[in-house]
Amino acid sequence: RIDEVEKTMEAVPGVKAVSNCCNVTSKAQIDAMVDEAVKAFGRIDILNHVAGVFGAVDFLEATEEDYDKQLNVNTKGTFFVDQAVLRAMIPNRAGKIVNMCSQAGKYGFPTNVAYTTSKFGVTGMTQSIAQYAAPYNINVNCVCPGIVRTNIWEKALEDIEEKTGLIQRYHRTRSAIASLHQQKARLEELNQTRFGDHELEDITAQLQEAIDQLERE
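Residues numbered from 1 in each chain as written. Predicted model: local features only at pLDDT ≥ 70, side-chain atom pairs only at ≥ 80, totals over all residues. Heavy atoms only, no water.

Engineer: For this particular structure, what's the right way to read a nonpolar patch on the surface?
Structural biologist: On the surface, Val5, Met9, Val12 and Val15 cluster together into a nonpolar patch covering about 300 Å² of accessible area. Positionally, Val15 belongs in the loop between helix H1 (2–10) and helix H2 (27–41). Assessed through its relative accessible area of 33%, Val15 is described here as partly exposed. (Patch = residues over 30% accessible without salt bridge, like charges linked within 9 Å, V, L, I, M, F, W, Y side chains within 5 Å. Areas by Shrake-Rupley, 256 points an atom, 1.4 Å probe, with all protein chains shown as cover. Salt bridge = Lys/Arg side-chain N within 4 Å of Asp/Glu carboxyl O. Helix = DSSP H or I, 4+ residues; strand = E, 2+ residues; numbered from the N terminus. Buried < 20%, exposed > 50% of the residue type's maximum accessible area, 1.4 Å probe, protein only.)

See the structure below:
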């Protein structure tokens, strides 16, 4: 499959591509991958690091293997890929590194504690590497998206829903919040012609209280 991607890219005029199958839990394979890229292109200008795994495992049922898999791929892998690429970028005093993180790198989730732990590591790591790389004119950032409906996520969502029912509750809550926001906006429009200031303030306060309650849940 990787070879197919390489062939597709090289079919575009002026494009040169090199493919490499790398286990990001192995520093030796990471270093070899980066060396191959530098030999092929002379330099590295941008890294978009997206290698990662996900697992929804009950906290009390999680095994050492579950934990190690998340941390080795998501956190250790990011650490050593960034290290190898940054080492290649520093002589040129230019480059961009973008790590793929997650909302789980900003907020805790009870359904995937090991994954969340690994992604919090990526967030803190990215901030620290950014400070290290700044004197060399190299930018380091991470992206923290929400759910993207890939095949991996479809399976993960099935597991989470089966164990907790959280997905349906989440969608019901967000729908209710959206409806309340619409009602509030409509009332604010109607205030110009039908309601006194005190009446609107009272209705708006009730709606806001309901919205805050839903968001806390």
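Anyway, onward from the coordinates.
Engineer: Whenever I open this one, the state of the cysteines confuses me. Can you help?
Structural biologist: Disulfides are covalent bonds that connect the sulfur atoms of two cysteines. Here the structure, examined in full by the defined rule, presents zero disulfides. Looking at Cys21, it has no disulfide partner, and the nearest cysteine sulfur is the one in Cys22, 7.8 Å off. The structure places no disulfide on Cys101, whose sulfur is separated from the nearest cysteine sulfur, that of Cys144, by 4.1 Å. (Disulfide = S-S within 2.5 Å.)

Engineer: Just to check I follow, could you spell out the sheet that holds strand E2 (residues 95–100) for this structure?
Structural biologist: Pairing between sheet strands relies on hydrogen bonds along the backbone, with the strands arranged either parallel or antiparallel. Pairing in this open sheet of three strands is parallel, and the strands run E1-E2-E3 from one edge to the other. Either end of the sheet is taken by a strand with one partner, and the two such strands are strand E1 (46–49) and strand E3 (138–143). Strand after strand, the sheet turns through a mean of 10° between neighbouring axes, direction not considered. Where E1 meets E2, four bridges bridge the pair, whose relative direction is parallel. Along E2, the bridge assignment pairs Leu47 with Ile97. The sheet strands contacting helix H3 (residues 64–89) are E1, E2 and E3, and the helix crosses E1 at an angle near 175°. Where helix H4 (residues 113–133) meets the sheet, its contacts fall on E2 and E3, and the angle it forms with E3 comes to roughly 165°. (Pairing = 2+ DSSP bridges. Axes fitted to C-alpha atoms, helices over the stretch in contact; angles between N-to-C directions. Contact = heavy atoms within 4.5 Å.)

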